[in-house]
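Each chain, letter by letter, is given below.
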Amino acid sequence: MFTKAIVKRPCKNMVKGITTAGLGRPDYNLALDQHDNYIEALEACGLSVTILEADEEFPDSTFIEDTCLVTPACAVITRPGAETRRGEISAVAEAVKNIGVPVESIQDPSTLDAGDIMMTGNQYYVGLSDRTNPAGTDQLGIILEKYGLGVVPVPLSSMLHLKTGLSFLEHNNLLAVGEFLTRQEFRNFNLMAVDEDEAYAANSVWINERVMVPAGFPKTREMIEKKGYETLGVDVSEFRKLDGGLSCLSLRF
Ligand code: CIR
C-alpha cells in the first residue's frame, strides 16, 4: 500500500534531455499538461503528491524515479549513470530527508539508476545496464541487507532500464516484454506477456490495486483489466520522446 508520491515538474530544458527514441522533440506545454494529468492519476489512486519545482539546470530531472529508491525501511539516493544527471540528487535528497526512514546513498565509483530497480516484497531486482554498474548493484545489496532486504542482479542486453520492460503488479503478477519473458530470474512469476508492438506499456505502474497504463496501448490495458485490476490510462507521449516511461515520473511509497 502506497500513500505518498513525489514528482518533479518538467523544465523548459527538457527538450535537451538524453534520448535515443527518435520520436522528435517534446512539446514542452503539452508535457506540462500531461504532467498535470499524471499527478491527478496518482491522486486518484489515493496518493498524496509532493511536487518539486522544475530545475532548468537538469533537463532530465523530471524523471525523478532514477534518483532515489524509497523502501518501507530506508531511502537510497542513487548516483545516476549519466554524468549530466548526477546533480539531480541534491533536490531529491532534500525532499526525502524527513519522510521518516533513514537515508543512505550510493557512492563513487558505483553508478545506479533507480529505474533499474524493481521491488517485489523484500526482494529487489536490479538491472545491470549502461547506467547501473556491478559496483552499484553490490553497494545497493550491502545497504539493503542491513534492513533485511535482498538484491537480485539482472544483466540487461538491450533495455535502457530494467523497468523499461518489466512491471511488478503484486499478487506475483509480472508484466514483461522481450528478453524478460524467457529469463530464468523471472520464471516463478505469473508472466503477463506484452506484445512487442506495445512494448512501451510494459512500463506500467501498480498503485493500491489500480494500474496506471500509458495511453494508446489497448491490448496491454485489456490484459491487465482481465486480471482484475482497475486501470487508468495516462498519456505521456512527450516523456516517451526522451525514453521516459510512466514509472520514471514519480517516487511512490
Ligand atoms: C535518460 O536517458 O536518463 C532520460 N532521458 C530518461 C530516463 C528514463 N527513466 C527511467 O526509465 N527510469
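Residues numbered from 1 in each chain as written. Predicted model: local features only at pLDDT ≥ 70, side-chain atom pairs only at ≥ 80, totals over all residues. Heavy atoms only, no water.

1. A look at the nonpolar core
Piece 1. In terms of nonpolar packing, the biggest core is built from 51 residues, with Tyr38, Leu42, Leu162, Phe180, Phe186 and Met212 touching the most fellow members.
Piece 2. Contributing elements (two or more residues each) for this core: strand E1 (4-8), helix H1 (28-44), strand E9 (166-168), strand E10 (173-176), strand E12 (205-207), strand E13 (210-214) and strand E14 (230-234).
Piece 3. For this core, the element with the most residues is H1, which contributes 5 residues.
Piece 4. Discounting chain neighbours no more than four positions away, the residues touching Phe180 are Val154, Leu156, Met159, Leu162, Gly165, Leu166 and Phe186.
Piece 5. Core analysis: the second largest hydrophobic core is formed by 13 residues, Val76, Ile106, Leu112 and Ile117 among them. (Core = buried A, V, L, I, M, F, W, Y, C linked by side-chain atoms within 4.5 Å. Buried < 20%, exposed > 50% of the residue type's maximum accessible area, 1.4 Å probe, protein only. Helix = DSSP H or I, 4+ residues; strand = E, 2+ residues; numbered from the N terminus. Contact = heavy atoms within 4.5 Å.)

2. Quick look at the layout of surface pockets
Piece 1. Considered as a void within the structure, the largest pocket measures approximately 550 Å³ in volume.
Piece 2. When grouped by side-chain class, the residues that make up the lining of the largest pocket number 9 nonpolar, 11 polar and 6 charged. (1 Å grid on protein atoms, 1.4 Å probe; cavity = no way out; pocket = protein on both sides within 12 Å on 5 of 7 lines; lining within 4 Å. Points joined across faces, edges and corners; volume = space filled by probe spheres on them. Nonpolar A, V, L, I, M, F, W, Y, C, P; charged D, E, K, R; others polar.)

3. Some details on unusual backbone geometry
Piece 1. A cis geometry characterises the amide bond from Asp108 onward to Pro109, with omega recorded as 10 degrees.
Piece 2. With respect to the helices, strands and loops of the structure, Pro109 is situated in the loop between strand E5 (103-105) and strand E6 (117-120).
Piece 3. In the Ramachandran plot, Asn208 falls in the positive-phi region, its phi being about 55 degrees despite a non-glycine side chain.
Piece 4. For Asn208, the location among the structural elements is in the loop between E12 and E13.
Piece 5. Backbone geometry at Asp243 places phi at a positive 70 degrees, although glycine is not the residue there.
Piece 6. Residue position: Asp243 is located in the loop between helix H5 (237-240) and strand E15 (251-252).
Piece 7. Asp243 gets classed as partly exposed once you look at its relative accessible area, which sits at 23%.

4. Considering the site of the ligand
Piece 1. Around the ligand sit 13 residues, and of these Ile18, Asp60, Asp66, Leu242 and Cys248 come closest.
Piece 2. One of the side-chain nitrogen or oxygen atoms of Glu65 is found 3.5 Å away from a nitrogen atom of the ligand.
Piece 3. Here an oxygen atom of the ligand and a side-chain polar atom of Arg85 are 2.8 Å apart.
Piece 4. Protein contacts shield 98% of the accessible area of the ligand, which totals 340 Å² for the unbound molecule.
Piece 5. When the residues that make up the shell around the ligand are grouped by side-chain class, the tally is 4 nonpolar, 3 polar and 6 charged. (Near = heavy atom within 4 Å. Polar contact = N/O pair within 3.5 Å; in protein donor to acceptor, adjacent residues only side chain to side chain. Areas by Shrake-Rupley, 256 points an atom, 1.4 Å probe, with all protein chains shown as cover.)

5. Here's the deal with the packing of aromatic side chains
Piece 1. Going through the model one piece at a time under the given rule, you end up with 8 aromatic pairs.
Piece 2. On the numbers, 6.0 Å between centres and 85 degrees between planes, the contact of Phe180 with Phe186 is edge-to-face. Neither residue differs from the other here; Phe180 and Phe186 are each classed as buried.
Piece 3. Residues Phe186 and Phe189 carry aromatic rings whose centres are separated by 6.2 Å and whose planes lie at 45 degrees to one another, so their mutual orientation is tilted.
Piece 4. Since its relative accessible area comes to 12%, Phe189 is described here as buried.
Piece 5. Linked through ring pairs, Tyr125, Phe168, Phe180, Phe186 and Phe189 together constitute an aromatic cluster.
Piece 6. A cation over an aromatic ring shows up here: Arg240 above the ring of Tyr200, its NZ or CZ 4.6 Å from the ring centre. (Phe/Tyr/Trp six-rings, centres within 6.5 Å; stacked < 30°, edge-to-face > 60°. Lys NZ or Arg CZ within 6 Å of the ring centre and 35° of its normal.)

6. What about the pairing of E6?
Piece 1. Bridge analysis of E6 against strand E7 (residues 123-128) gives 4 bridges, and the strand direction is antiparallel. Note that in E7 the partner of Thr120 across the bridge is Gln123.
Piece 2. Between E6 and E7, which follow one another and run antiparallel, lie 2 residues, and Gly121 among them has a positive phi close to 65 degrees. (Pairing = 2+ DSSP bridges.)

7. Some words on the side chain of Glu104
Piece 1. Mapped onto the fold, Glu104 is located in strand E5.
Piece 2. Residue Glu104 is classed as buried on the basis of its relative accessible area of 17%.
Piece 3. One polar contact links Glu104 to Tyr147, side chain to side chain, over a distance of 2.5 Å.
Piece 4. When neighbours within four sequence positions are excluded, Glu104 is seen to be in contact with Ala75, Val76, Ile77, Ile143, Lys146 and Tyr147.

8. Observations regarding H1
One turn of the α-helix equals 3.6 residues, which is why residues spaced by three or four share an orientation.
Piece 1. The end-to-end C-alpha distance of H1, which contains 17 residues, comes to 24 Å, matching closely the 24 Å that a straight helix rising 1.5 Å per residue would cover.
Piece 2. When H1 is considered as a whole, its buried residues turn out to be Ala31, Leu32, Gln34, His35, Tyr38, Ile39, Ala41 and Leu42.
Piece 3. Downstream of H1 by one or two residues, Gly46 has phi in the positive range, about 95 degrees. (Expected span 1.5 Å × (residues − 1).)

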